[in-house]
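# Coordinate analysis (summary)
As a plain string of letters, each chain reads:
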Amino acid sequence: MIKRIFRFYVEGFRNMRLGKLLWMVILVKLFIIFAILKVFFFHDHIGENAEKGHEVEFVATEILGD
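Computed from a predicted structure; not experimentally measured.

Here is what the cut-offs are and how they apply
Residues numbered from 1 in each chain as written. Predicted model: local features only at pLDDT ≥ 70, side-chain atom pairs only at ≥ 80, totals over all residues. Heavy atoms only, no water. Helix = DSSP H or I, 4+ residues; strand = E, 2+ residues; numbered from the N terminus. Rg over C-alpha atoms; globule rule 2.2 N^0.38 Å. Buried < 20%, exposed > 50% of the residue type's maximum accessible area, 1.4 Å probe, protein only. Areas by Shrake-Rupley, 256 points an atom, 1.4 Å probe, with all protein chains shown as cover. Phe/Tyr/Trp six-rings, centres within 6.5 Å; stacked < 30°, edge-to-face > 60°. Expected span 1.5 Å × (residues − 1). Bend = angle between axes of the 7 residues up to and from the residue. pLDDT = per-residue confidence, 0-100. Salt bridge = Lys/Arg side-chain N within 4 Å of Asp/Glu carboxyl O.

In terms of helices and strands, the protein chain carries four helices and zero strands. Ordered by position in the sequence, the α and β elements of the protein chain form the string α-α-α-α. Expected size for 66 residues packed as a compact globule is a radius of gyration near 11 Å; at 21 Å, the protein chain overshoots this value by more than 25%. Projecting the C-alpha coordinates of the protein chain onto the three principal axes gives extents of approximately 55 × 30 × 20 Å. A total of 66 residues make up the protein chain; the buried ones form 5% of that total. Carbon and sulfur atoms form 70% of the exposed surface of the protein chain, whose accessible area is close to 6,600 Å².

Structure (structure tokens):
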């Protein structure tokens, strides 16, 4: 059953023209979002401000505002 499902998708992708291009666009966008933007815009706030081993307490105080 799993082999049949896998073959179904493989054959479908093999016969695609526009679909391959669209999947490439999706993969490039995901790479940009997770690799490039994360490095430059999303800093490790918890790692910079919490003591080692006390990250859970830091997050709890930030959420609860204590």
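Here we take up the packing of aromatic side chains. Applying the stated criterion across every chain, the model contains one aromatic pair. An angle of 80 degrees between the planes, with centres 5.4 Å apart, marks the rings of F8 and Y9 as edge-to-face. Taking the relative accessible area as the measure of exposure, F8 reaches 59% and is therefore exposed. Of the residues examined, Y9 reaches a relative accessible area of 49% and is grouped as partly exposed.

Given a rise of 1.5 Å per residue, 24 residues ought to cover 34 Å, and the 33 Å separating the end C-alpha atoms of helix α2 (residues 18-41) matches this to within 8%. Residue I32 marks the point of greatest curvature in α2, where the axis turns by about 25 degrees.

Moving on: the confidence of the model for the protein chain. Overall, the predicted model of the protein chain reaches an average pLDDT of 86, with 98% of residues at or above 70. Ranking the elements of the protein chain by mean pLDDT puts helix α3 (residues 45-49) last, at 84, and helix α4 (residues 55-64) first, at 91.

Once that is clear, we can look at the pattern of salt bridges. Considering all chains together, one arrives at one salt bridge under this definition. Between R14 and E11 there is a salt bridge, and its shortest N-O distance comes to 2.7 Å. Taken together, the residues span about one helical turn, with R14 and E11 both in helix α1 (residues 2-14) at a distance of three residues. The exposure class of E11 is partly exposed, given its relative accessible area of 39%.

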